[in-house]
Every structure is written in C-alpha cells, then in structure tokens.
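# Observations on the model geometry
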Amino acid sequence: MSRHLDKILANAERQLAGSAAGRPNESLPLYKKFLRIEEHRLRLKHRAGGGGRDIAARRSDLVDVLLERLFTAATEHASRASENVPLSLIALGGYGRGELNPFSDVDVMFLHAENGDGVPAYIGETVEQILYLLWDIGFKVGHSTRSIKEAIAQANHDMLTKTAMLESRFLAGDQELARQFRKQFRARCVVGFEKEYIELRMRDQTARHAKFGNNVYRQEPNVKGGCGGLRDYQNLLWMTYFKEGALTTTHLVGRDWLSKPEQRRIDAAYDFLLRVRTQLHYLSGRGTDVLHLGQQEELARKLSYPEATGVQRNEAFMKDYYGHTRNIFRISERITEQFASGHSSGRVRALFGFLPRARADREPLGDFFARQQQLHLQKPDAFKRDSTLMMRAFQVAEEHNLDLSPELADLFARNLSLVTRTYQYAKGPREIFRAILSHKGRVGRVLRAMHRVDFLGRYIPEFGQLTCLVQHEFFHRYTADEHTLVCIDKLDALVETEEPKLIPYRRLFEQIGDPVVLYLALLLHDTGRAVGARPHSEASALFAQRVASRLQLSPEERKSLILLVDHHVTLSNIARQRNLDDPQTILEFARIVKNQQNLDLLMLLTLADGQGTSAEAWSDWKESLVWNLYHATRKYLIDQRAFHEQTKIARDTLVASVRSALPEDYAEEIEAHFDFMPDNYFRAFSVREIVAHLRVFRNFLTQLDADATLPLAPGIRWEPFPEQGHSVVAFCGWDRPQFLTRIVGSLSVVPLNILSADTYPRGDNLILHVFRVCTIDAQAVTDETQWKLVHETLYRSLMPEPFDIEPAIEAAREQHPYRPKATNEFPTSITFDNKVHPNYTLIEIETADRLGLLFDLLSCLDEEGVYVALARVSTEKGAARDTFYVANPSTQHRITDAARIEALQEKLQTAAQA
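Residues numbered from 1 in each chain as written. Predicted model: local features only at pLDDT ≥ 70, side-chain atom pairs only at ≥ 80, totals over all residues. Heavy atoms only, no water.

## Details of the sheet that holds strand β5 (residues 363–365)
Heads up, the rule is: Strand pairing is defined by DSSP finding a minimum of two bridges between the two strands. By definition, any uninterrupted DSSP run of H or I lasting at least four residues is a helix, any uninterrupted run of E lasting at least two residues is a strand, and each is numbered from the N terminus. Whether two residues touch is decided by their heavy atoms; if any such pair falls within 4.5 Å, the residues are in contact. Angles here are taken between N-to-C directions and fall from 0 to 180 degrees, while the axes themselves are lines fitted to C-alpha atoms, restricted in helices to the stretch in contact.
If you walk across this open sheet you meet the 4 strands as β5-β6-β7-β8, and the pairing is mixed. Of all strands in the sheet, those bounded by a partner on one side alone are β5 and β8 (403–404). Set on the sheet, helix α17 (residues 388–400) makes contact with β5, β6 (368–371), β7 (374–377) and β8; between it and β6 the angle comes to about 35 degrees. Running at roughly 55 degrees to β7, helix α18 (residues 406–415) makes contact with β7 and β8 of the sheet.

## Points about the pattern of salt bridges
Using the following cut-off: The term salt bridge refers to a pairing of a side-chain nitrogen on Lys or Arg with a carboxyl oxygen on Asp or Glu at a separation within 4 Å.
Scanning all chains against the criterion turns up 40 salt bridges. Across the salt bridge formed by R43 and E39, the nearest N and O atoms sit 3.9 Å from each other. Of this pair, R43 and E39 both sit in helix α2 (residues 28–47), 4 residues apart, which is roughly one turn of the helix. The salt bridge partner of R392 is E399, with a shortest N-O separation of 3.8 Å.

## Some remarks on the environment of I152
Tracing the chain through its elements places I152 in helix α6 (residues 148–157). For the pair I152 and R182, spaced 30 residues apart in sequence, the C-alpha to C-alpha distance is 10.0 Å. Setting aside its immediate chain neighbours within four residues, I152 contacts F181, Q184, F185, R188 and C189.

## Points about unusual backbone geometry
To keep things clear, this is the line we draw: Residue burial is assigned from relative accessible area. The probe radius is 1.4 Å, only protein chains are included, and a residue is buried under 20% of its type maximum, exposed over 50%, and partly exposed in between.
P751 follows V750 through a cis peptide bond whose omega is 0 degrees. Residues other than glycine seldom take positive phi values, yet C468 does so here, at roughly 60 degrees. Structurally, the position occupied by C468 is in the loop between α23 (461–464) and α24 (480–493). Under the relative-accessibility criterion, C468 is labelled buried at 3%. Positioned with a positive phi, Q892 is a non-glycine residue whose angle comes to about 55 degrees. Relative to the helices and strands, Q892 resides in the loop between β16 (879–887) and α42 (898–912). A relative accessible area of 35% places Q892 in the partly exposed class.

## Remarks on the sheet that holds strand β2 (residues 106–112)
What the 4 strands build is an open sheet, ordered β3-β2-β1-β4; its pairing is mixed. Of all the strands in the sheet, the pair left with one neighbour each is β3 (141–147) and β4 (169–173). For this sheet, the mean angle separating the axes of adjacent strands, direction not counted, is 25 degrees. When strand β1 (residues 87–91) meets β2, the two strands line up antiparallel, connected through 5 bridges. Within β2, the residue paired with L89 across the bridge is F110.

## Focus on the packing of α24 against helix α26 (residues 516–524)
Formally: Throughout, the term roughly parallel applies to angles under 35 degrees, roughly antiparallel to angles over 145, roughly perpendicular to angles from 65 to 115, and oblique to all others. Working rule for handedness: look at the near helix, and if it is turned counterclockwise from the far one by less than a right angle, call the crossing left-handed; if clockwise, right-handed.
One can describe the packing of α24 onto α26 by two numbers: an axis separation of 8 Å at closest approach and a directional angle of 155 degrees. With respect to each other, α24 and α26 are oriented roughly antiparallel. For the element pair α24 and α26, the recorded crossing hand is right-handed. Across the interface between the two elements, T484, C487, I488, L491 and D492 from α24 touch L518, Y519, L522 and L523 from α26.

## Quick look at the packing of aromatic side chains
The way to describe two aromatic rings as a pair is by their centre distance and the angle between their planes. Threshold: Each pair of aromatic rings taken from Phe, Tyr and Trp, with Trp reduced to its six-membered ring, is defined by centres within 6.5 Å and is described as stacked if the planes are under 30 degrees apart, edge-to-face if over 60, and tilted in the remaining cases.
The full count for this structure, using the stated rule, is 29 aromatic pairs. Aromatic pair F383 and F412: ring centres 5.0 Å apart, planes at 55 degrees, arrangement tilted. Here F383 is found in helix α16 (residues 382–385), whereas its partner F412 is found in helix α18, with 29 residues between them in sequence. Residue class for F412 comes out buried when judged on its relative accessible area of 0%.

## Remarks on the environment of L35
Examined against the element boundaries, L35 turns out to sit in helix α2. Separated by 27 residues in sequence, L35 and L62 have C-alpha atoms that sit 8.1 Å apart. Apart from the residues within four sequence positions on either side, L35 is in contact with L62, L66, I137 and F139.

## Observations regarding helix α28 (residues 555–566)
The condition is simple: Multiplying 1.5 Å by the helix residue count minus one yields the expected span of that helix.
Between its first and last C-alpha, α28 extends 16 Å over 12 residues, near the 16 Å set by a 1.5 Å rise per residue. Taken together, the buried positions of α28 are E557, S560, L561, L563, L564 and V565. In the core, the buried residues of α28 are packed alongside α20 (427–437), α26, α27 (536–550), α30 (583–593) and α31 (596–613).

Scope: geometric values only; no functional claims are made or implied.
Here it is as structure tokens:
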C-alpha cells in the first residue's frame, strides 16, 4: 500500500467517521469536505511535477476509498429493510485501469448474483443511494446493474462494453462474485473471440485515425482520441490482452515485440499525455480532450515550460507534445501493420499465432525483396555490412512503388547510428539521394518514408531540426516538418493534375529538366525556423549552402538553391504588398531572380509553399497577383528594351482604341480623361476597362446636371468575376477628404471582404477608386441587394447632413458574427518604409482581422491628415496583412518626420487593436 493511499485512508477515518450512521446522502457535506481536502493535495502534487500516471492513479485511489465507504454505508442501511443478496461493485474502463483525470467519467458496474427477472429491491435501493450521492458530489458516472450472465451477453454484443470489462477491477462487496465474473469473462468473452475482437479494434483505430486526418500534427490535437493519443496506446494493450492476457508494454518487450528503448519512449509518452490531460481538465474546469490554440500558452505555463530565447514556451510545449504522440503513433501503427500483414517475424507470430498465414509470394530485388506491396531486406544484418543499402532501400521503394515493411522500418530504427557525418558526405548515398530527388511526382512519398523512420533527419540534419517544431504563426497549419513535406506533396501532385487552375503550373514543371534543386529548396526553405531566426529565410539560406556543399552541387545549382531558399517568400510578398503597375517594382524583382529558370522555379516553390501552408493562404486573388508579377517579370527578362517601351504610355494608340469603342460625343471626355489621369492608371487597365470607367464618369457628371440635390453621389460600376472569386467595383466622384474611408465603411456594412483598393486622382478634382471585393465566404459579389445596400449607405454617408456610419458597421458585426480562429494571440505589427518608393511611404500592418478593420485604419489616417494613394489588403486565416502607400497631402511626397511617424504608428496600433 502506498504512502499516499495510507494518507487518504487516515483522512477518511477522520473526516468520514460518522458517515455510516445513516443514509449516504445524509453525510453529503462530510464526503464533499473529504474530497475537497484530497483534491487539493492532488493539485499540489501535480503542480510540483507529479507524473501523469502517478496523479491519475492517486485520483483513482481516492475514488476507490470514497466508493468503498459509500458501498458499505448503502448496503448496511438497505440490509435492515430487506434480505441481503450477493452484490459486488466493479470498476470499469479507465477507472478499472486505475487512471482518472480530474473530470473523467467514473464507470462502475453493480454485479449481482440474481439470475431471475428484475433486480431485487435491496440492490435497487443500494444502487440508487450510491448514484445519487455521486451525482450530488459532482461526479459524472457511467453505470450499469447486471448479473454475470447479463454482463457476459452484453460484452459479446458490444465491443466497447467488452473493452471496458476487460479492465474491470473489484472495488467492494462480494469478492467471490467478482472472481467468478473475471473467470467467466475470460472463458466466454476472450477465448475464441481473439481474431474477431482484434479485427474490430483495428477497424476502430483506422476510422479514428481517418477522423483526425491520419496526422499527428493537427494544430488543435485531441489528447485522447487523436493520432498518437492515449487511445492508441491503450488500443495496443487491449489487443495484446486478447492473446496473452497481459495489459503492460513490459510483456511485449519480453516477447521481443518492442525494443527496450521503444518501450521507454511510448511509456514516457503515455505518462506525458496523462499529465497534459490532467492540466487541461484543471484549466478548462471540465472533462475535455482538445488542446485549443488559445489554451496552449497557458497550458505550457502551468506545466512549467520556461520562456526561452527565440522559442516561445507554447512552441516548446507543443514540440514535446508532437514528439510524444509521434512515438506512440509510429510504434503502435507499425505493430498493427505487422499483425495485419500475416508475414511477421517469429516474435510477432508468437503473439498473434492465431492469424491465418498469407501466401509468401516474394519478388527478388537484389538485396531486397517485395511482398504484398512492401519492401523487405533479404538479410537482417545487411545494413551493418553495407550502410549504403539504407539509402538504396528508399530508391528501390520509389522505383517499385513499395512501402517499407514493418520489419524493415524496425531495422532502420535499430541502425540509425550508422548515419554518421562520414555517411552524410559519402559518394554512394549522395548519388542515390540525388537520383531519388530527380523523379518528378514521386519524391514526397519517399521523403515521408525516410522521415517516418527518422532517416531523413539524420541524413539532412538541417531538416531534422524541424521535427515536431511548432511555429505559432497563424498562416501555418502544420508543424515545420509536416508543412515541408506537404509542400513537396503539392509539387508532386502537379505531375498528373487536371485541375484547370493548376495546368499553367504543370506546364512550368514539365519544362524543368532536373528538379533536384527545386525539391531541395522546398526541403530546406524553412530550416531557419529551427534556430528562431527572424526572418527565417536568411538562416535557411545558410543551411542550404551547407547542404549544397555536402551534396556537391554544381556552382550554378548551388547559386540557384540559395536564391530560392533565401527568397522563397519574396514573390508572394511583392505581389501582395507592392504596386505591380510601377515598372520599378518589376525591375527590382527581376534583379533578384536574375534569369527565367530561377523565375520558373520560384513560381513553383511559391505555389507549393502557399498551398502547403493552408487552403486559405492561397486564394484566387493572391494567385492572380502572383501571376501578374510573374508575367511582367518574364517580359522584362526576355527583352528589357521591349519592356521599357511597353511601359511608356503610347497615348496616341490607346486614345484611338478608346475612341473607336465609344460614341463620337465622348470626344471631350476622352481628352480630359487622358489629360488628367496619372500614368500608372493607363498601365493598370485595358482599353475595355478604360471605356467602362469613362461611362462611369459620364453617369456621375450627368447626374450632377440632372439632380442638384445629389451633388456628392458617386458613380458606381460592378463587375463580377466568379471564376476568380471576386468582383471589381469602381467608384468615381469629387476628390474630397474621407471619400475612400466612406466607401470602405459602406462595403463593410454588407459586409464584404476587401481584397485591394487602388486610387487614381484626376487633375480636374475628380477621383477613381477601384476595389476588388468578395463575400465573407470568398465568392464574387453577384447579389444586387448587396450592391444596393452599398450604394444607399455611401450616398447617406456623403450627404451634407452628418451621418455616422459606425453604428451600421456595428450592426453588421452583430448580424454577421465574424470570429476567425486563433486571432486572440495574433501580434499587431506596424512598419514604415521610405526606401521602397520614391514618392510614397509604405505602411505595412499585420493584425487580427475583424469586420470594419480597414475602415478603422483609414479613419485613423484621415484624422491624421494622411493621403492614401493605394492599398493592398490581404486576409488569411483570420489575420489581416495590409499595405498602404501614403503621402503628405500638401506635398504629395513621403512622410519623413520621425516624430510624426512615431505618433502615426502609435495611433494605428490603437486602431488595429480596438
């Protein structure tokens, strides 16, 4: 008996001395006080670092003592009124296993010896008294009242019940009755049911893994049911019990099922998960199993993770979490694969000898052989004789589309020490690794196989540092290693894609001769995250240089690899943030990529990185911006002189085209438009679009002449682009303060999501604002009632009578609650840049998104007298990243005064976080 249990019993003697005198419910205050004291002790023990299994076992001990007392009191009271009938109290499930977290269910079975119809009154009264008191105390109780015959029948009818009963444990009452139940359960529910039960458990595990994406690295994992969670560990033990009657991993080691190090890893993982679940229950105040993103920082703090330099405590905590669940997932999955294959080694057949043996068709493959789509090694000691065969195994698997057999995976785990520094530089493995990376469309599968057995991280240690690394940047859904492999999967998928939007990328990929550099760039593009570098791309480029040296890439390959890694976010950032109508933007980007091959590679890398981050991170709008930058840069690289000629405004040709598309009475308006519009306007729009804008200007001016009561009502034109997921809406009117802000507010009232805003002032005091917008579910705006609401709101906001648009935006927030996930911790970042553009200051703002955010930011700039020439707006996963080109309205030049910049930054920070 443990010292802790001794203390519980001693306290029970003191606190519950009078509890047996009457009905159990009459002693409710005594039981509550007893539990409060003991629960406080458990909390203190947990806070002091108590292991997960230890705390769960102590809580089980506590409930045992309570139930034994309750059972005694209830049976003694009931026996005075009726004849005693043999009755046992049995713990089931997790409680039977002796593991209870703070708000876990307490599952019990009242086992009686009565085999007639109905339950004797004595038993009914006893059960009722115990259950009512448990409910009053606050326990969530799972209960049943059965005879041995009924219990056996129910166990053979339902797998979950059978699983709960196999961990049954006697608590109180008639011990002989409980012993008979265990004996009959073994004889009538286990013997002869081994194959059926294990097949059901494996199907259950497969379905559960599929529910959680067959992926350990979920951003908000489920501690109990998720891949690599508590249930996977328990499932392994349950299956083992049905053959050997053992519920411990020690038994598996004894049978050479697990190596001793593997046993230590999964036992430590299980203990860790129980400790996490205990803390999660304490933090939530209820029984829950999901590690919500907003709770992870607090969980890490409560579990005593320090705030280390360069690594947030929640990142360190989740790295440990993923590492432990990864161990459980891999080991338990490998064992069940060995079991399912029917071609296991002697140790596996000993454990599951009841399984039918499958045919042993072998296809020789040199030092390996294939059987049932799995790769096996001919001789178990072959790796020690020739370690190059470790890399060769993956090449053979790639060539023949095979999976590693469980036995081969086990051999890798036992021989990873052979992958030394000398091995990393050796010619044989290097040449094979390069050959593997040369097969378009087949690389991701092989790299995943390498990673699953930890070979990839040993051979490329720069990537190995990313294993289970969590980066709480809200644009990333996966851990750093899983994100990298998903990116490579996305690139592979281009080989056979028929998706219309991806066909241009597929053609680019087909034009690339040897994809080694591209695959390497994807493998290494985030390696700088492992050292906490900000920005991580520079550190990643240094790691890429090291890998290029070891793999002996050619000078050109090395330069290309470093460029791709160093600039893997440059294409998307420039496309999203910069004015693509400015030739200087194109020239700057062209100087970075240097040649067409690098541009093509960077385009493919950008696609894979964007899609591998999350579906939301690669929107139709973002993709269109990236392609615009790609095509413009391509033109520049092909013929710089022609590019410069094209960027010059060919006014005569353009004017002629516009005149031919409009009636003759537009002549004066066309002349004014070309005289007063800025040059970048004519670079941004086609003849068709310019013609449409001229019609909008005419409507606005005609309206002025027709109705003097609406002097401020703008001209508006909507054009949906459903295939691109957005609509373009143009507003023209008098160039006046707050016009842009009022437009944004009117769009927010609907509400609509603003993708971009471009401003084109005309020299005759008119202005054109062009927005790209979409619905809140990322669709083109086609509903005319939404158009009408924008028009009406904007008209009212521009009337001479004061109209406050903010209440309308607030009403829209209430009607369309927009609460993106995980924005509560998103840090607000505001930077000013006066180097990018000769005339404008760039303000870049990253913050949690919300309805009306852009309106708040523009209102702040209005109040400070800042002129906004252009806005680039991007929303991904509930985080907004907005870029504004601004100037002093009086000088139309950059804001350079340091004091004013500091004041602006402070006010924008306040507006962003409002």
